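# A closer look at the structure
For reference, the chains in residue letters:
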Amino acid sequence: MKQFTYYTPTKVVFGKDTELQVGKLVKEQGAKKVLIHYGGGSAVRSGLLDRVRKSLEEEGIESVCLGGVKPNPRLSLVREGIALGKKEQVDFILAVGGGSVIDSSKAIGYGLYDGGDIWDFYLRKRTASGCVPVGAVLTIAAAGSEMSQSCVITNEDGWIKRGYSSNYARCRFAVLNPELTYTLPWYQTACGCVDIIMHIMERYFTPDSDTMLTDGMSEQIIRTVMYNARILKKDPENYNARAQVMWAGSLAHNGLLSCGVQEDWASHQLEHELSGLFDVAHGAGLAAVWGSWARYVVDAKPERFAQLAVNILGVPMNFSDVKGTALAGIEAMERFFMEIDMPVNLHELGVEPTQEQIQIMARKCTFNGERTVGGIRKLGETEIAEIYRMAL
Ligand code: NZQ
Ligand code: ZN
């Protein structure tokens, strides 16, 4: 097992009606004036925003609101949020929504603290030295941003989607009420389930081998998400299934499953170019590229793919054909994606990139040739372009 530091400072408040505690949670942080940040309207329609504001009022905490975060959150709104936050002198940002809202909030927090150009961080020109504190009331189990250290923003100038990670932006608290996810369209629920599974697999496909404990936790969380996704397809208001998936989403990406392992993240990097350029839903984009990535890299460590196949997907182990077992596992995972109405190629995703666009995405994915992606197998521009072509 490799050396690691496990740091997960987010206070999690889980269960029914927990959003009513938000005023107390913000007060605990010593905040006086809050920027409430939200998305395209689901939190308004469900009455959640009103409940949150009331809870803040009850604790004597002032607030201003900024809605309009789009999936694949945009830099322009982040800049608007920074300007508003400065003008109103807010000292806390409360994200009410999903990964996009939380990431937009984290970026605003960085910008308010820093004062310089926020995009510099995403271009790796500078590193953050702090962040105005952020808290989250989560409405979709998916990105895991409520406990993660990362924050992914899309710059409309060039449609460049980039992540920035630091512990400064980790949420001070995350309010997880599974009932808040009842109103999700099935497509978003399914995208969320894929993203959660992918956050685990990006760590599971490691070149390392002494990973028994982390593997066991990873495998059980993937099984839990698959089992409950099938329930939610038929019964979206099943509290226990929503609860299992919601907690899985946070555990998948809070660093627990990174302990002692070298991670991969190639599928995510490939997907970020897709959602940057074509504005697709992140989870669906992941489902569309994962199988092609897996088939491209399987030879680097077939026994790892075979382990996934046997331990999670019920494929019998064929000791005389480990690669065959691995490939059967990849197919079985794709069958699951199809079962939950997710795409398994770019055509099904609704995206038909030209050869030129493939080349552009591959180039951007390597930061113009400055990096490779992936851990189990390192991928440069040529390999990335090949995977996009396989996924067409
Ligand atoms: O904007 P509203 O109206 O709220 O609608 C949203 C949005 O259209 C809707 N929704 C959310 N909660 C709902 C709801 N609709 C009805 N009822 C509810 N309770 O769902 C849609 C998707 O929301 P979004 O926040 O975009 O979803 P998600 O949590 O999947 O976040 C995706 C973003 O997170 C990034 C992705 O790249 C993408 O930009 N990621 C962030 C990560 C992180 N910070 O750690 C890691 C991830 O790998 C990922 O890259
Ligand atoms: Zn993700």
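What you see is a predicted model, and the numbers here were worked out from it, not measured in a lab. (Residues numbered from 1 in each chain as written. Chains lettered and ligands numbered in written order. Predicted model: local features only at pLDDT ≥ 70, side-chain atom pairs only at ≥ 80, totals over all residues. Heavy atoms only, no water.)

Each aromatic ring pair is specified by the distance between its two centres and by the angle formed by the two planes. Tallied over the full model, the rule gives 13 aromatic pairs. Relative to Y164, the ring of F121 has its centre 5.4 Å away and its plane inclined at 25 degrees; by these criteria the two rings are stacked. A residue pair is termed long-range when its members are at least 10 positions apart, and F121 in helix α6 (residues 119-122) and Y164 in strand β7 (residues 160-165) qualify at 43 residues. For the residue pair F121 and Y164, the accessibility class agrees, reading buried in each case. Geometrically, the ring pair formed by F205 and W293 is edge-to-face, given 5.6 Å between the ring centres and 70 degrees between the ring planes. With F205 in the loop between α7 (186-204) and α8 (212-234) and W293 in helix α11 (residues 282-297), this pair connects stretches of sequence that are 88 residues apart. Like W293, F205 is buried. Taken together through their ring pairs, the aromatic side chains of Y110, W119, F121, Y122 and Y164 make up a single cluster. (Phe/Tyr/Trp six-rings, centres within 6.5 Å; stacked < 30°, edge-to-face > 60°. Helix = DSSP H or I, 4+ residues; strand = E, 2+ residues; numbered from the N terminus. Buried < 20%, exposed > 50% of the residue type's maximum accessible area, 1.4 Å probe, protein only.)

Here we come to the site of ligand 1. Every one of the 33 residues lining ligand 1 counts as a neighbour, but G40, S42, S100, S148 and H199 are closest to it. The separation between an oxygen atom of ligand 1 and a polar main-chain atom of G41 is 3.1 Å. In this structure, an oxygen atom belonging to ligand 1 sits 2.9 Å away from a side-chain N or O atom of H272. Its free accessible area being 960 Å², ligand 1 has 90% of it covered by the protein chains. Of all the secondary-structure elements, those providing two or more residues to the shell around ligand 1 are α5 (99-114), β6 (150-155), α7 and α10 (266-278). A breakdown of the residues in the shell around ligand 1 according to their chemical character gives 11 nonpolar, 19 polar and three charged. Counting the residues that make up the shell around ligand 1, at least three belong to each of domain 1 (11-180) and domain 2 (186-390). (Near = heavy atom within 4 Å. Polar contact = N/O pair within 3.5 Å; in protein donor to acceptor, adjacent residues only side chain to side chain. Areas by Shrake-Rupley, 256 points an atom, 1.4 Å probe, with all protein chains shown as cover. Nonpolar A, V, L, I, M, F, W, Y, C, P; charged D, E, K, R; others polar. Domains from an automatic or database assignment.)

We now examine the coordination of the zinc ion (ligand 2). Donor atoms from the polypeptide that coordinate the zinc ion (ligand 2) comprise D195 (OD), H199 (NE2), H268 (NE2) and H282 (NE2), at 2.0 to 2.2 Å from the metal. Every donor residue of the zinc ion (ligand 2) comes from the same chain, spaced as D-x3-H-x68-H-x13-H. Separated by 87 residues along the polypeptide, D195 in helix α7 and H282 in helix α11 bring together distant segments of the chain. Each member of the pair D195 and H282 is classed as buried. (Donors = N, O, S within 2.8 Å, 3.2 Å for Na, K, Ca; no water.)

Interface size is commonly expressed as the accessible surface area that is lost when the partners come together. The assigned domain composition of the protein is domain 1 (11-180) and domain 2 (186-390). The centre of domain 1, based on its C-alpha atoms, is set 27 Å off from the matching centre of domain 2. The interface of domain 1 with domain 2 comprises 29 residues on the first partner and 26 residues on the second. Approximately 2,200 Å² of surface area, both sides summed, lies buried where domain 1 meets domain 2, with 60% of it carried by carbon and sulfur atoms. Connecting domain 1 to domain 2 are two salt bridges. Here R162 ties to E273 by a salt bridge, and the two come within 3.2 Å at their closest N and O atoms. Summed over the shared surface of domain 1 and domain 2, the number is nine residue pairs in polar contact (both at pLDDT 80 or more). Broken down by element, the side of domain 1 that touches domain 2 gets its largest block of residues, three residues, from β7. (Contact = heavy atoms within 4.5 Å. Buried area = accessible area lost by both parts, 1.4 Å probe. Salt bridge = Lys/Arg side-chain N within 4 Å of Asp/Glu carboxyl O.)

It is worth spelling out the environment of G81 at this point. Here G81 is to be found in helix α4 (residues 75-88). Assessed through its relative accessible area of 0%, G81 is described here as buried. Between the alpha carbons of G81 and L112 there is a distance of 8.9 Å; along the sequence they are 31 residues apart. G81 has contacts with L35, L66 and I108, leaving out every residue within four places of it along the chain.

Okay, a nonpolar patch on the surface next. Judged by side-chain polarity, M1, F4, Y6 and L213 come together as a nonpolar surface patch covering roughly 450 Å² of accessible area. With a relative accessible area of 39%, Y6 lands in the partly exposed category. (Patch = residues over 30% accessible without salt bridge, like charges linked within 9 Å, V, L, I, M, F, W, Y side chains within 5 Å.)

The subject of this paragraph is the nonpolar core. By size, the foremost hydrophobic cluster in this structure holds 105 residues, and its most contacted members are Y110, Y122, W290, W293, F305 and M333. No other element matches α7, which puts 10 residues into this core. Taken domain by domain, this core gets at least three of its residues from each of domain 1 (11-180) and domain 2 (186-390). Counting 21 residues, the second-largest nonpolar core is a separate cluster that includes L25, V26, V52 and V175. (Core = buried A, V, L, I, M, F, W, Y, C linked by side-chain atoms within 4.5 Å.)

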